[in-house]
Amino acid sequence: MSANLKYLSLGILVFQTTSLVLTMRYSRTLKEEGPRYLSSTAVVVAELLKIMACVLLVYKDSKCSLRALNRILHDEILNKPMETLKLAIPSGIYTLQNNLLYVALSNLDAATYQWPSDSQELDSKELSAGSQLVGLMAVLTACFSSGFAGVYFEKILKETKQSVWIRNIQLGFFGSIFGLMGVYIYDGELVSKNGFFQGYNQLTWIVVILQALGGLVIAAVIKYADNILKGFATSLSIILSTLISYFWLQDFVPTSVFFLGAILVITATFLYGYDPKPTGNPTKA
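Since the structure is predicted, the reported quantities are computational estimates derived from the model, not experimental observations.

Draft legend 1. Spotlight on the pattern of salt bridges. Counted under the stated rule, the structure contains four salt bridges. Here Lys 80 ties to Glu 76 by a salt bridge, and the two come within 3.2 Å at their closest N and O atoms. Here Glu 76 falls in the partly exposed class, since its relative accessible area comes to 22%. Salt-bridge contacts for Lys 86 lead to Glu 83; the nearest nitrogen and oxygen are separated by 3.2 Å. You can call Lys 86 partly exposed: its relative accessible area is 36%. Several salt bridges converge on common partners, so that one network encompasses Glu 83, Lys 86 and Arg 167.

Here it is, written out as structure tokens:
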């Protein structure tokens with residue numbers, strides 16, 4: 001993979017991750033009439049949208065033939081149950097990680113992700129120690145699980161010749177199942193009372209679409225680059241989100257530790273994509 005393509009993938013991932021975190025944080029803190037949308041249902045809808053997008057991409061790759069599409073899905077998914085079952089492990093971890101992201105952004109008062117609201121004054125003193133602890137534990141769990149799932153998924157993608165879109169369909173299938181289990185266990189009563197799409201608005205759909213897009217982009221990057229590039233994108237998105245909070249939202253003052261971390265991340269990203277020109281052997285006189 002060329003350096004230019006690596007940086008293009010990195011840029012798309014940074015844009016997607018930053019947009020998702022900021023819009024998700026805003027959607028979870030925005031006060032509106034009626035019930036707030038359920039994060040568990042949003043995860044399921046994102047997985048279903050990802051499956052639909054991948055099916056369309058496979059349909060396009062099969063020269064827009066429904067017969068060829070049906071044959072590919074049958075041969076690559078139904079006829080290879082063990083290959084399909086391998087995706088259950090990273091799928092379950094990714095589903096957990098997506099739910100933890102909602103939990104973290106709903107409880108953790110991080111200046112990087114916090115949006116100001118004209119309808120209410122948010123004070124850090126109003127956040128209980130318990131909610132901050134919940135948010136912190138959600139972030140830490142998501143970080144540790146993300147590394148394992150990314151490496152495992154990269155191993156599967158690069159050891160087989162299956163299309164990355166087929167793998168995403170398999171991943172989304174298990175993700176939908178695990179997600180629906182979470183909806184039933186944690187939000188079953190609320191869904192039966194107010195419906196599956198309670199509290200959904202335009203902002204909610206933007207969050208869901210961005211989350212589905214992230215699954216597609218991350219899978220493509222892991223397939224054609226590696227999981228390290230995905231980690232760099234996440235780190236750079238944190239820096240970008242913080243800069244937005246400082247210059248635009250004006251609710252965060254960076255510290256010297258932040259600047260040190262930002263310099264290290266940017267330097268590491270540059271070194272990772274740097275491809276030095278080979279030096280020729282000096283000719284003997």
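Draft legend 2. Just helix H3 (residues 66–78), in detail. An ideal rise of 1.5 Å per residue puts 18 Å on 13 residues; H3 measures up with 17 Å between its terminal C-alpha atoms. Along H3, the residues that are buried comprise Ala 68, Leu 69 and Ile 77. Viewed along the axis of H3, the buried residues span an arc of 125°, placing them on a single side of the element. For H3, the exposed residues lying more than 90 degrees away from the buried face are Arg 67, Asn 70 and Leu 78. In this structure, the buried side of H3 is in contact with helix H2 (39–61), helix H4 (81–85) and helix H7 (164–194).

Draft legend 3. The arrangement of the packing of aromatic side chains in detail. Here the structure, examined in full by the defined rule, presents six aromatic pairs. Judged by centre distance (5.2 Å) and plane angle (80°), the ring pair of Phe 197 and Tyr 200 falls under edge-to-face. When its relative accessible area of 15% is taken as the criterion, Tyr 200 is described as buried. The interplanar angle of 25° and the centroid separation of 6.0 Å between the aromatic rings of Phe 197 and Trp 205 together place this pair among those described as stacked. A relative accessible area of 36% means that Trp 205 is categorised as partly exposed. Of the aromatic side chains, those joined through ring pairs into one cluster are Tyr 37, Phe 196, Phe 197, Tyr 200 and Trp 205.

Draft legend 4. Structural view of the packing of H2 against H3. The contact between H2 and H3 brings their axes to 9 Å, and the two run at 120°. Viewed along their axes, H2 and H3 form a crossing whose handedness is right-handed. Only Leu 66, Leu 69 and Ile 72 of H3 make contact with H2, whose side of the interface consists of Val 55, Val 58 and Tyr 59. A class-by-class count of the residues in the contact of H2 with H3 yields six nonpolar, no polar and no charged.

Draft legend 5. Broad picture of a nonpolar patch on the surface. A contiguous nonpolar patch, built from Phe 173, Ile 177, Phe 178, Met 181, Tyr 184, Ile 185 and Tyr 186 and spanning about 820 Å² of accessible area, is present on the exposed surface. Along the chain, Ile 177 turns up in helix H7. For Ile 177, a relative accessible area of 35% gives the class partly exposed.

Draft legend 6. Representation of the UniProt feature "transmembrane region" (unreviewed entry) in the protein within the structure. Under the local residue numbering, the UniProt record ascribes the feature "transmembrane region" (unreviewed entry) to residues 6–25, 37–59, 133–153, 165–185, 205–225, 232–249 and 255–274. Here residues 37–59 is 91% helix and 0% strand, with 33 Å between the C-alpha atoms at its ends. Here residues 165–185 is 100% helix and 0% strand, with 30 Å between the C-alpha atoms at its ends.

Draft legend 7. How the structure looks around unusual backbone geometry. The backbone phi angle of Lys 63 is positive, close to 60°, even though this residue is not glycine. Here Lys 63 lies in the loop between H2 and H3. For Cys 64, which is not glycine, the phi torsion reads 55° and is therefore positive. Summarising the element assignment, Cys 64 is placed in the loop between H2 and H3.

Draft legend 8. Layout of the nonpolar core. If you look at the biggest cluster of nonpolar residues, it comprises 13 residues, and the most contacted ones within it are Tyr 37, Ala 42, Tyr 102 and Val 207. Secondary-structure elements contributing two or more residues to this core are helix H1 (3–29), H2 and helix H8 (202–224). Those residues in contact with Val 207, other than ones at most four positions away along the chain, are Leu 20, Thr 23, Met 24, Ser 27, Tyr 37 and Tyr 102. Counting residues in each nonpolar core, the second largest holds twelve residues, with Ala 88, Tyr 94, Phe 153 and Ile 156 among its members.

Thresholds, definitions, all that
Residues numbered from 1 in each chain as written. Predicted model: local features only at pLDDT ≥ 70, side-chain atom pairs only at ≥ 80, totals over all residues. Heavy atoms only, no water. Salt bridge = Lys/Arg side-chain N within 4 Å of Asp/Glu carboxyl O. Buried < 20%, exposed > 50% of the residue type's maximum accessible area, 1.4 Å probe, protein only. Helix = DSSP H or I, 4+ residues; strand = E, 2+ residues; numbered from the N terminus. Expected span 1.5 Å × (residues − 1). Arc of directions from axis to C-beta. Contact = heavy atoms within 4.5 Å. Phe/Tyr/Trp six-rings, centres within 6.5 Å; stacked < 30°, edge-to-face > 60°. Axes fitted to C-alpha atoms, helices over the stretch in contact; angles between N-to-C directions. Left-handed = near helix turned anticlockwise from the far one by under 90°. Nonpolar A, V, L, I, M, F, W, Y, C, P; charged D, E, K, R; others polar. Patch = residues over 30% accessible without salt bridge, like charges linked within 9 Å, V, L, I, M, F, W, Y side chains within 5 Å. Areas by Shrake-Rupley, 256 points an atom, 1.4 Å probe, with all protein chains shown as cover. UniProt positions renumbered as here; feature names shortened; annotations may be inferred. Core = buried A, V, L, I, M, F, W, Y, C linked by side-chain atoms within 4.5 Å.

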